[in-house]
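An overview of the molecular structure
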Amino acid sequence: MLATGDRFQQVAHAIRTKKVRTIYDPSAASGEKTAQYLLDVNVLYLTGLGVDTYSKSLIIHEAGHIINDIYRVQKVHVYDDEAFCYVIQAAYLTLKNFGIGNIETLRSASGRSVTQNAIDVFRSAYNLAGHYLSGGALLLQNEQNLRVAISRLPEYPTNKIKHYDGL
Ligand SMILES: [Zn+2]
């Protein structure tokens, strides 16, 4: 799957035409997820509005899942699916000059819940994003590092196969 500019335009179009509905639920803002894409019902569920760079990046991450749903990606392992979205997110953060140091700072800031395991995920994702943004080659070892880091996050307990059902 590719994350090109026109595919993000397709995501924006899907949201504008309500093929993807957005639900904003600030009452859940204390929860750990600022954004989540519910692929079965085509809902982008937001508990925050992405006012800062990191929160925006969480929505960018979910846009990656929406791209996969637009293209009805079948038989994708959860860790590959998440790796795709974390690299997109890290590319966005890199372009916004929001480096891994900023992620580590978030961890210590109050009200955030970026764990050490999550920092490990971001470190691998930034690494890959940096290579891609500079036109570098695919680095299989780094991809594997990212999958392993993702597997340590409690949100993704198994590497089950996922099917996107389309919008
Ligand atoms: Zn994800």
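Now for a quick tour of the structure.

In this section: helix α5 (residues 116–133). The end-to-end C-alpha distance of α5, which contains 18 residues, comes to 25 Å, matching closely the 26 Å that a straight helix rising 1.5 Å per residue would cover. Three or more residues of α5 are buried, namely A118, V121, F122, S124, A125, Y126, L128 and A129. Count one or two residues on from α5 and you reach G135, which has phi positive near 75°.

It is worth spelling out the sheet that holds strand β1 (residues 21–24) at this point. The three strands lie next to each other as β1-β3-β2, forming an open sheet whose pairing is mixed. Of all strands in the sheet, those bounded by a partner on one side alone are β1 and β2 (35–38). Here the average twist between neighbouring strands, direction ignored, is 20°. Summarising the sheet, β2 and strand β3 (residues 43–46) pair through four bridges and their orientation is antiparallel. When the bridges of β3 are listed, L38 appears paired with V43. Packed on one face of the sheet, helix α2 (residues 53–70) meets β2 and β3 and runs near 10° to β2.

What follows covers the packing of α2 against helix α3 (residues 78–95). Where α2 meets α3, the closest approach of the two axes is 8 Å, and the angle between their N-to-C directions is 140°. When the axis of α2 is compared with that of α3, the two are oblique. For the pair α2 and α3, the sense of crossing is right-handed. Each of T53, S57, I60, H61, G64, H65 and N68 in α2 lies in contact with α3, whose residues at this interface are D81, F84, C85, Y86, I88, Q89, Y92 and L93. Grouping the amino acids of the contact of α2 with α3 by side-chain chemistry returns seven nonpolar, seven polar and one charged.

Reading guide: rules and limits
- Throughout this description, residue numbers start from 1 for each chain and increase along the sequence as written.
- Reporting of local features is limited, given that this is a predicted model, to residues whose pLDDT is at least 70; pairs of side-chain atoms are given and counted only at 80 or more, and all residues count toward the totals for whole chains, interfaces and linings.
- Secondary structure is summarised from DSSP: a helix means a run of H or I of at least four residues, a strand means a run of E of at least two, and numbering begins at the N terminus for each.
- Between the first and last residue of a helix there are one fewer steps than residues, each counted as 1.5 Å, and that sum is the expected span.
- Our exposure labels follow a C-beta count within 10 Å of each residue's own C-beta, placed from the backbone: buried means 20 or more other C-beta atoms, exposed means 12 or fewer, and partly exposed covers the counts in between.
- Pairing between two strands is assigned when DSSP locates at least 2 bridges connecting them.
- The convention used is that axes are lines fitted to C-alpha atoms, helices contributing only their stretch in contact, and that angles between N-to-C directions extend from 0 to 180 degrees.
- A pair of residues counts as a contact when their C-beta atoms, built from backbone coordinates, are within 7 Å of each other.
- When describing relative orientation, an angle under 35 degrees is termed roughly parallel and one over 145 degrees roughly antiparallel, while 65 to 115 degrees is termed roughly perpendicular and anything else oblique.
- Here a crossing is called left-handed whenever its near helix is offset anticlockwise from the far helix by less than a right angle, and right-handed whenever the offset is clockwise.
- Each residue is assigned to one class: nonpolar for Ala, Val, Leu, Ile, Met, Phe, Trp, Tyr, Cys and Pro, charged for Asp, Glu, Lys and Arg, and polar for all the others, Gly among them.

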